[in-house]
Amino acid sequence: MALFWLTLVLSVIGIHAGGEFSVLHSPKSLRFSGSSKTLESLLKEVFSASLGLSVEENSDWNGLSVVDPFDTPEAVVEVYVDGVSSLGNAAGLKAKTYPLIVDEYEPDTYDSVAHRIKQHFTNGGNKLVNIRLSEPDDLIAYSKVFGDIAPPKVGKQLLQHLKYDSYEEDYQFLFELETLKAITNKINSGAISADNIVDCYNFRFTSLHALSDLHGPNSLQTKEAKKLLGEAIQALSNAFIKAYDGKVLVTAVTTDIAHTRRAVREAPDDAPVSEMNPADDNYTADYAAIFNIILWFGVVFAFTLIAIVYAIMDMDPGRDSIIYRMTSTRMKKDN
């Protein structure tokens, strides 16, 4: 029962988790305007529409206009920063930013866009890249795209407040940062070039929220980390713009869903450890949908059952009373 209520609270809070969707660069064939909120679950539709692919879900969001459907970008790039709702002014990013409503525990943006690209371009040849910057093995997996990248070395940066040799959180952040810089250097060296084939890139940055939790969201360390990350993302954007001659959509997504999960997990201090789900971070993309389907089906089924019971209790048998006549003790036999 404790696990049920924990899951219910997590679902409700997760729906209200916040973030930002930032457009660092878009070609002339696309126009991003306004400042209205958008759902994270709709980003795959935004990317698909930008690439000229079919979309599966209509939206009232009017932030994107496809000006020229015959000159769509050749690639879409997403830098996903997990655990913070915004990089803020400290990052110094030159971007068009929209408030983001985080309605998915584990977004399937990349998987959906990559799947649609494969369906549309059956001959293959598309660069479909999904790299977790904290995982060195991911660099090896995509060596055919970027070439061999040496393991990043932490310690050469000129830092004012971060101490990589004192805090594991600082070290992990700087490791992911150096990995992102290494990829940028490879792109600048000519590892990627325009080939008139649609590509999709996703880079996931996960260590900033742990650093922010350790030092505080308004600390000098967190501000320095956001500034360094903003500079790295801007450099990555510039590298992709050069590689694709401007025909690329470069975006950054920040979301505080990791903080929301942690806050809910730490709330019920009196709950036994055995009742907590040890894998509560391993949500699938369909978790929220399945949970809501089961929840509301159960509610509707319960009220329907109650209504049926009351209807039967008040039912007038009328002329169809053979049951009562056959069970009567005064039943007579017709001659």
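Residue numbers here run from 1 along each chain, matching the order of that chain's written sequence. Confidence filtering applies because this is a predicted model: local features only for residues at pLDDT of at least 70, side-chain atom pairs given and counted only at 80 or more, and all residues used for totals across whole chains, interfaces and linings. Where side-chain values are given, they derive from all heavy atoms of the structure, hydrogens and water being excluded.

Participant: So what about the packing of helix α2 (residues 43-50) against helix α3 (residues 109-120)? Which residues, and what values?
Facilitator: Angles shown run from 0 to 180 degrees and are taken between the N-to-C directions of axes, each axis being a line fitted to C-alpha atoms and, for helices, limited to the stretch in contact. Every helix listed is a DSSP run of H or I at least four residues long, and every strand listed is a run of E at least two residues long, numbered separately from the N terminus. The contact between α2 and α3 brings their axes to 9 Å, and the two run at 30 degrees. It follows that α2 is roughly parallel to α3 by the angle criterion. When the axes of α2 and α3 are compared, the crossing they make is right-handed. Counting all contacts with α2, which are made through L43, K44, E45, F47 and S48, the residues of α3 involved are T109, S112, V113 and R116. Put simply, Ala, Val, Leu, Ile, Met, Phe, Trp, Tyr, Cys and Pro go in the nonpolar bin, Asp, Glu, Lys and Arg in the charged bin, and everything else, Gly too, in the polar bin. Of the residues that constitute the contact of α2 with α3, the class distribution is three nonpolar, three polar and three charged. An angle counts as roughly parallel when it lies under 35 degrees, as roughly antiparallel when it exceeds 145, as roughly perpendicular when it falls between 65 and 115, and as oblique in every other case. Handedness of each helix crossing follows the sense of rotation of the near helix against the far helix: counterclockwise by less than a right angle gives left-handed, clockwise gives right-handed. Here, residues are in contact when the closest pair of their heavy atoms is within 4.5 Å.

Participant: Which residues make up the packing of aromatic side chains, and what are the values?
Facilitator: Aromatic ring pairs are reported here in terms of the distance separating the ring centres and the angle at which the planes meet. Ring geometry is summarised as follows: Phe, Tyr and Trp rings, the Trp one being its six-membered ring, pair when their centres sit within 6.5 Å, and such pairs are stacked at plane angles under 30 degrees, edge-to-face over 60 and tilted between the two. The final tally for this structure, using the stated rule, is 13 aromatic pairs. Where W61 meets Y98, the ring centres are 5.1 Å apart and the plane angle is 80 degrees; that geometry is what we call edge-to-face. Highlighted residues: W61 in the loop between α2 and β4 (64-66) and Y98 in strand β6 (residues 96-102), separated in sequence by 37 residues. Whether a residue is buried, partly exposed or exposed follows from its accessible area with a 1.4 Å probe, protein chains only, as a fraction of its type maximum: under 20%, in between, or over 50%, in that order. Of the residues examined, W61 reaches a relative accessible area of 14% and is grouped as buried. In this structure Y98 comes out as buried when scored by relative accessible area, which is 0%. Taken together, the ring pairs connect F146, Y201, F203, F240 and Y244 into an aromatic cluster.

Participant: Describe unusual backbone geometry, listing the residues and the values that go with them.
Facilitator: For N196, which is not glycine, the phi torsion reads 65 degrees and is therefore positive. Among the secondary structure elements, N196 is positioned in the loop between α6 (168-188) and β8 (199-205). One non-glycine residue, D245, lies in the positive phi region at around 55 degrees. In this fold, D245 is placed in the loop between α8 (220-243) and β9 (248-255). With a relative accessible area of 65%, D245 lands in the exposed category.

Participant: Hey, could you go over the confidence of the model for the chain for me, with residue numbers and the actual values?
Facilitator: Averaged over every residue, the pLDDT of the chain is 83; residues scoring 70 or more account for 80%. Scored from 0 to 100, pLDDT reflects the predictor's confidence in each residue. Taken together, the stretch residues 1-16 has pLDDT below 50 and engages in 27 contacts with residues farther than four places along the chain or on a different chain. Here residues 260-281 scores under 50 on pLDDT; set against residues more than four positions off or in separate chains, the count is 23 contacts.

Participant: Tell me about the nonpolar core, and please be specific about residues and values.
Facilitator: Take the buried Ala, Val, Leu, Ile, Met, Phe, Trp, Tyr and Cys residues and link them wherever side-chain atoms come within 4.5 Å; each set so joined is a nonpolar core. Among the nonpolar cores identified, the biggest contains 69 residues, and F21, F146, Y201, F203 and F240 are the most heavily contacted of them. Looking at which element gives the most residues to this core, the answer is α8, with nine residues. When near neighbours in sequence (up to four residues on either side) are disregarded, F240 contacts V77, I187, I192, Y201, F203, V248 and V250.

Participant: Mind laying out the side chain of K127, listing which residues take part and the relevant values?
Facilitator: Relative to the helices and strands, K127 is located in the loop between α3 and β7 (128-132). As used in this structure description, the phrase polar contact means that two N or O atoms lie within 3.5 Å; if the pair is within protein, one of them must be able to donate a hydrogen and the other to accept it, and residues adjacent in sequence are counted only when both atoms belong to side chains. Of the polar contacts made by the side chain of K127, one reaches the side chain of D195; its length is 3.1 Å. Look past the residues within four positions of K127 in its chain and what remains in contact with it is V145, S193, D195, V198, D199, C200, Y201 and Y244.

Participant: I'd like a description of α6, backed by residues and values.
Facilitator: In a helix, the anticipated span is given by 1.5 Å times the number of residues less one. With 21 residues, α6 extends 30 Å from end C-alpha to end C-alpha; this agrees with the ideal 30 Å at 1.5 Å per step. Among the residues trailing α6, G190 stands out with phi positive, at a value near 100 degrees.

Participant: An account of a nonpolar patch on the surface is requested, with residue identities and associated values reported.
Facilitator: Each patch is built from residues that are more than 30% exposed by relative accessible area and take part in no salt bridge. Like charges join if they lie within 9 Å; nonpolar side chains (Val, Leu, Ile, Met, Phe, Trp, Tyr) join within 5 Å. Note on areas: Shrake-Rupley with a 1.4 Å probe; residue coverage comes only from the protein chains shown. The term salt bridge refers to a pairing of a side-chain nitrogen on Lys or Arg with a carboxyl oxygen on Asp or Glu at a separation within 4 Å. A surface patch of nonpolar side chains, amounting to about 1100 Å² of accessible area, comprises W296, F297, V299, F301, F303, L305, I306, V309, Y310 and M313. Among the secondary structure elements, V299 is positioned in helix α10 (residues 287-313). Note on V299: relative accessible area 30%, which makes it partly exposed.

Participant: Tell me about the pattern of salt bridges, and please be specific about residues and values.
Facilitator: Following the criterion strictly, the structure yields 10 salt bridges and no others. D108 serves as the salt-bridge partner of K44, at 3.2 Å between the closest nitrogen and oxygen. Of this pair, K44 sits in helix α2 while D108 is found in the loop between β6 and α3, placing the two residues 64 residues apart along the sequence. Of the two residues examined, K44 and D108, each falls in the buried class. Among the charged side chains, a salt-bridge network with shared partners connects K44, E104 and D108.

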